Amino acid sequence: MQEEQSGPSLLEYQTQAKQLFRKMNSDSPSKGSLETGPYLFHYFLERGICYLALCESSFSKRSAFAYLEDLQLEFTSQYGHKVDTVSRPYSFIEFDNYIQKAKRTYTDSRSRRNLTQLDSELKDVQRIMVQNINDVLLRGEALSALDDKASNLATLSQKYKKDAHYLNVKSSYVKIAGIVVIIVLVLLFLRYWIF
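None of the values given here were measured: they were computed from a predicted structure.

So, how was this worked out
Residues numbered from 1 in each chain as written. Predicted model: local features only at pLDDT ≥ 70, side-chain atom pairs only at ≥ 80, totals over all residues. Heavy atoms only, no water. Buried < 20%, exposed > 50% of the residue type's maximum accessible area, 1.4 Å probe, protein only. Helix = DSSP H or I, 4+ residues; strand = E, 2+ residues; numbered from the N terminus. Pairing = 2+ DSSP bridges. Axes fitted to C-alpha atoms, helices over the stretch in contact; angles between N-to-C directions. Parallel < 35°, antiparallel > 145°, perpendicular 65-115°, else oblique. Left-handed = near helix turned anticlockwise from the far one by under 90°. Contact = heavy atoms within 4.5 Å. Nonpolar A, V, L, I, M, F, W, Y, C, P; charged D, E, K, R; others polar. Phe/Tyr/Trp six-rings, centres within 6.5 Å; stacked < 30°, edge-to-face > 60°.

A. Inspection of the pairing of strand 3 (residues 49-56) at higher detail. The buried fraction of strand 3 is high, at six of eight residues. The turn linking strand 2 (residues 39-46) back onto strand 3 is made up of two residues, and Arg47 within it adopts a positive phi angle of 50 degrees.

In structure tokens:
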């Protein structure tokens, strides 16, 4: 973020910022960057409020937009309900304290390193979550296959039960038929040999 400047260059950038504000409307993109000499204006529009930062062109766009989104979240939480009722200019001048604190955080190289490390850790967490989701999906496929196998097993066991019952009945008929044949033979033997 641009450090405090003095002289004609600061007035020039302030004039450019005012012109930018006048040109913005509801059809303007919600995020953007505009080059102005060695600097870039980064802006973020949210609910009719424009958050603007003037940064050196070498400053990371990601960090600049993270800074603007941080300001937007804090401003909305503190003053979001008051915006429509404001009648005097500079009603939110006390918000400058937070702006300066956030500016120091985002321009401090250690803080940027910490933010980069945090971003890296978030990417690692995202990668792990994607892997876990893929694992769950694979388990779901395995469970689906297991469910299909269980259904097939249930169908086959019902068929086996019917076949076993049929064989038991058939076996019983064969035993009864064998006994009947033996009795008939014994009766025939007794009738012709004995009587």
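Now, onward.
B. Layout of the packing of helix 2 (residues 61-79) against helix 3 (residues 96-107). Running from N to C, helix 2 and helix 3 point in directions that differ by 155 degrees, and their axes come no closer than 11 Å. Classified by the angle their axes make, helix 2 and helix 3 are roughly antiparallel. Here helix 2 and helix 3 pass one another in a crossing that is right-handed. For the pair helix 2 and helix 3, the contacting residues are Ser63, Ala66, Tyr67, Asp70, Leu71 and Glu74 in the first and Tyr98, Ile99, Ala102, Lys103 and Tyr106 in the second. The residue makeup of the contact of helix 2 with helix 3, split by class, is seven nonpolar, one polar and three charged.

C. Inspection of the environment of Ile99 at higher detail. Take Ile99: it is sitting in helix 3. Linking Ile99 and Phe189, residues 90 residues apart in sequence, is a C-alpha distance of 120 Å. In this structure Ile99 touches Tyr67 and Leu71, once residues within four positions along its chain are discounted.

D. Just the packing of aromatic side chains, in detail. A complete count under the given rule lists seven aromatic pairs for this structure. With a centroid separation of 5.3 Å and 45 degrees between ring planes, the pair formed by Phe75 and Tyr79 is classed as tilted. Taken together, the residues Phe75 and Tyr79, both in helix 2 and four residues apart, mark about one turn of the helix. For the pair Phe75 and Tyr79, one class covers both residues: buried.

E. Structural context of the side chain of Gln72. When you line up the elements, Gln72 lands in helix 2. When residues no more than four places from it in sequence are discounted, the contact partners of Gln72 are Phe44, Glu46 and Tyr51.

F. Here's a closer look at the pairing of strand 2. Burial analysis of strand 2 places seven of its eight residues in the buried class, which makes it a mostly covered element. Sheet topology note: the strand 1 (residues 31-36)/strand 2 ladder contains six bridges and is antiparallel. Bridge pairing in strand 2 places Lys31 opposite Phe44. Both strand 2 and strand 3 contribute to a ladder of eight bridges, which runs antiparallel. Residue pairing for strand 3: Tyr39 is matched across the bridge by Glu56.

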